[in-house]
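Residues per chain are reported as follows:
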Amino acid sequence: MWARRQQIVLALISISGVIFLFSSAPPEFKENINHRASKYGPWLGEDLIKGDVVSEEEPNFSQNTLITETTLPGGAPAAGFTIFDRLYVWNGTIYAVTSNPKSFPLLKYILARPPDVGGNRNLDPTPLDMQILMPEAAKRILRERAVVMDGMSFIFYDTNQFMPHYYHWWGELILGAMRVYSGLSFVPGISSPLPEPKRFLLPNIIEHQWRDPAGVNGALMHAGWPDTPIERNDLWKDLIALNQTFVFERAMIISRPAAHKSPLASLWFKMISSSMNVTVPENFWEPVRQRVVRNTVGYLPVMNNAGVVMSSPKSTLPIVTYISRQNGVRRFSQKAHEGLVKALKELEVEGLCEVNIVAMEKMTFSPQLETVARTTIMVGIHGNGLTHQIWMPPSPRSTVIEVFFPKAYLHDYEILARNMGHMHYAVWNDTTLTYPAGQWFKGVEHGDRRDFNGFSIPVHGPTVAQVIRERLTSPIP
């Protein structure tokens, strides 16, 4: 009992001493303490830092703002990729507030209901998905104030139907979004460089449904934006549970079904088609490409205009990479594969290039991206491996050679090449097709699916080698 009393007395003496020391301390000591504490103002509140009694009046938080009108900073140039300033969310529904609703696109060109595409479903959005409100209605529904989610938010309002696929995630969703976003740099009053994404939101995705089986998408997203969170349906549920209005300072809604309502999508049948008429800066993708490569490989290969790697480890000649799919479903006949390899090796003997023959599925991330980031010309059969061209540096020589079963043609990787600044060639065995800026192959052609996805797609090796020879020896414009 006596020991317990001694502890209490000692504690009271210690507390009294601290109070005495602080009250008698010089002003500069108190100033230093307050300066250190001020760093925690957003969490503690200024009144608590100063040692005053907290007022019962409503605190004036900087992250709480009045409801004002929503605007479209760059207009609405691409269906399915729409950027808003001051976009609101309450109870899981997205709201735009405007006194001029006719200045906004129809909602079906902005987003779609969450069910998967297919089966002739009507996916036009309902009032539970999004509404455009007049200011008077906004006061009733959204109330007076909103909690601010600052910075640039990307809201991917899709299901997991296409997300867990390397091409669809990087080659359509991310590339399309960054293309349209980069167009804001031409809008008067918007300063450059544009801020990096503050958050990626996936309201209709549960847990890890957006990730691809190979684990590429998630890893490369964190290489591209190490500090940017990827939030899913659980965040959307949290916002609903709080029963507050939230406002995104600037946000883009990305929607595959909405993008496919663009007239351009009916020509090329790709989600990213709607973004291709948006005016963007040259090499808009380079900051993302360089960051992903540097953070995955550990260094950034630098090329000259001839396609030679000038940074260490250097190359002596341009590098040609053939991405083999001979272990996959869609592949060349063995004879065609061997003929292509022979023709490529002859280019090495001529002293025109170095040749890499790789099976990406046997390599980890870092060697895959290092190989591509050192490549000037990429050769491969139509397939997911050609998505890797988005990490290949653009140059006057950079080229993608895509082999189809004769007469088949899809625009997937040609669209990527045009975004990257690479020349694209389609090959039908011994016939080549390429189109200048502003011209395209008309429509799409699969032909017989058994041939398109078959085990014996033909390719004439010397024809491919001649394209490479011309690309590496023709005068640079």
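Anything mentioned here points back to the structure above.
Note that the structure is predicted; figures quoted are calculated from it, not measured.

### So, the overall build of the protein chain
Then comes step 1: Along its length, the protein chain carries 16 helices and 14 strands.
Then comes step 2: The buried share among the 477 residues of the protein chain stands at 48%.
Then comes step 3: If you take every contact in the protein chain between residues at least 6 apart in sequence, the share linking residues at least 24 apart comes to 72%.
Then comes step 4: As displayed, the protein chain offers around 23600 Å² of accessible surface, 56% of which is attributable to carbon and sulfur atoms.

### With respect to the nonpolar core
Then comes step 1: Grouped together as the largest cluster of nonpolar side chains are 67 residues, with contacts concentrated most on Phe154, Trp170, Met252, Trp285 and Trp391.
Then comes step 2: Among the secondary structure elements, those contributing two or more residues to this core are β2 (81-90), β5 (145-156), α6 (166-182), α7 (216-224), β8 (246-254), α11 (286-297), α13 (365-373) and α14 (412-420).
Then comes step 3: Looking at this core element by element, the count peaks at 11 residues for α6.
Then comes step 4: In this structure, methionine 252 is in contact with Phe81, Thr82, Ile83, Met152, Ser153, Phe154, Ile155, Ala177, Val180 and Tyr181, ignoring residues within four places of it in sequence.

### Focus: the sheet that holds strand β9 (residues 319-323)
Then comes step 1: Pairing is mixed across the open sheet formed by six strands, whose spatial order is β10-β9-β11-β12-β13-β14. Edge positions in the sheet fall to β10 (354-358) and β14 (431-433), since each of these pairs with one other strand and no more. Strand-to-strand, the axes of this sheet are offset by a mean angle of 20°, without reference to chain direction.
Then comes step 2: Pairing between strand β11 (residues 377-381) and strand β12 (residues 399-403): five bridges, direction parallel. If you follow isoleucine 381 over to β12, its bridge partner there is valine 403.
Then comes step 3: Strand contacts of helix α16 (residues 461-473): β9, β11, β12, β13 (423-428) and β14, with the helix running at about 160° to β11, the strand carrying the most contacts.

### Notes on the pairing of β8
Then comes step 1: Buried residues dominate β8, accounting for eight of its nine residues.
Then comes step 2: Relative to β8, β2 is paired through eight bridges, and the arrangement is antiparallel. Directly across from leucine 87, in β8, lies its bridge partner phenylalanine 248.

### Side note on unusual backbone geometry
Then comes step 1: The omega torsion across serine 192 and proline 193 is 0°, close enough to zero to call that bond cis.
Then comes step 2: Each neighbour pair has its own omega, and for serine 312 with proline 313 the value is -5°, a cis peptide bond.
Then comes step 3: If you check the backbone angles, arginine 86 has positive phi at about 65° while not being a glycine.
Then comes step 4: Checked against the element boundaries, arginine 86 lands in strand β2.

### Some remarks on the pattern of salt bridges
Then comes step 1: Using the criterion set out here, one finds 13 salt bridges in the structure.
Then comes step 2: Between aspartate 85 and arginine 250 there is a salt bridge, with the nearest N and O atoms lying 2.6 Å from each other. Of this pair, aspartate 85 sits in strand β2 while arginine 250 sits in strand β8, and the two are 165 residues apart along the sequence. Residue aspartate 85 shares its accessibility class with arginine 250, and that shared class is buried.
Then comes step 3: Notably, a salt bridge pairs lysine 198 with aspartate 150, separated by 2.7 Å at the nearest N-O pair. Linking lysine 198 in strand β6 (residues 197-201) with aspartate 150 in strand β5, this pair joins segments that are 48 residues apart in sequence.

### Some words on α14
Then comes step 1: The element α14 is largely enclosed, with a buried count of eight among its nine residues.
Then comes step 2: Among the residues of α14, those classed as buried are Asp412, Tyr413, Glu414, Ile415, Leu416, Ala417, Asn419 and Met420.
Then comes step 3: Check the buried side of α14 and you find it contacts α6, α10 (265-268), β12 and β13.
Then comes step 4: Backbone geometry just downstream of α14 places glycine 421 in the positive-phi region, at approximately 90°.

### Some points on the packing of helix α12 (residues 334-349) against α16
Two quantities define a packed helix pair, namely the angle between the helix axes and the distance between the axes.
Then comes step 1: Look at α12 against α16: their axes get within 8 Å of each other, and the N-to-C directions meet at 30°. Taken as axis vectors, α12 and α16 run roughly parallel relative to one another. As for how α12 packs across α16, the hand of that crossing is right-handed. Together, Gly339, Leu340, Ala343, Leu344 and Leu347 of α12 and Gly461, Pro462, Val464, Ala465, Ile468 and Arg469 of α16 make up the contact between the two elements.
Then comes step 2: Partitioned by chemical class, the residues of the contact of α12 with α16 number eight nonpolar, two polar and one charged.

### Re the packing of aromatic side chains
Then comes step 1: Considering all chains together, one arrives at 18 aromatic pairs under this definition.
Then comes step 2: With a centroid separation of 5.1 Å and an interplanar angle of 75°, the aromatic rings of tryptophan 170 and tryptophan 391 are classed as edge-to-face. On the criterion of sequence distance, the pair formed by tryptophan 170 in helix α6 and tryptophan 391 in the loop between β11 and β12 is long-range, its members being 221 residues apart. No difference in accessibility class separates tryptophan 170 from tryptophan 391, as the two residues are buried.
Then comes step 3: Every member of this aromatic cluster is reached through a ring pair, and the members are Phe154, Phe156, Trp169, Trp170, Tyr181, Phe200, Trp210, Trp225, Trp285 and Trp391.
Then comes step 4: The ring of phenylalanine 455 carries arginine 331 above its face, with NZ or CZ at 4.3 Å from the centroid.

Thresholds applied
- Residues numbered from 1 in each chain as written.
- Predicted model: local features only at pLDDT ≥ 70, side-chain atom pairs only at ≥ 80, totals over all residues.
- Heavy atoms only, no water.
- Helix = DSSP H or I, 4+ residues; strand = E, 2+ residues; numbered from the N terminus.
- Buried < 20%, exposed > 50% of the residue type's maximum accessible area, 1.4 Å probe, protein only.
- Contact = heavy atoms within 4.5 Å.
- Areas by Shrake-Rupley, 256 points an atom, 1.4 Å probe, with all protein chains shown as cover.
- Core = buried A, V, L, I, M, F, W, Y, C linked by side-chain atoms within 4.5 Å.
- Pairing = 2+ DSSP bridges.
- Axes fitted to C-alpha atoms, helices over the stretch in contact; angles between N-to-C directions.
- Salt bridge = Lys/Arg side-chain N within 4 Å of Asp/Glu carboxyl O.
- Parallel < 35°, antiparallel > 145°, perpendicular 65-115°, else oblique.
- Left-handed = near helix turned anticlockwise from the far one by under 90°.
- Nonpolar A, V, L, I, M, F, W, Y, C, P; charged D, E, K, R; others polar.
- Phe/Tyr/Trp six-rings, centres within 6.5 Å; stacked < 30°, edge-to-face > 60°.
- Lys NZ or Arg CZ within 6 Å of the ring centre and 35° of its normal.

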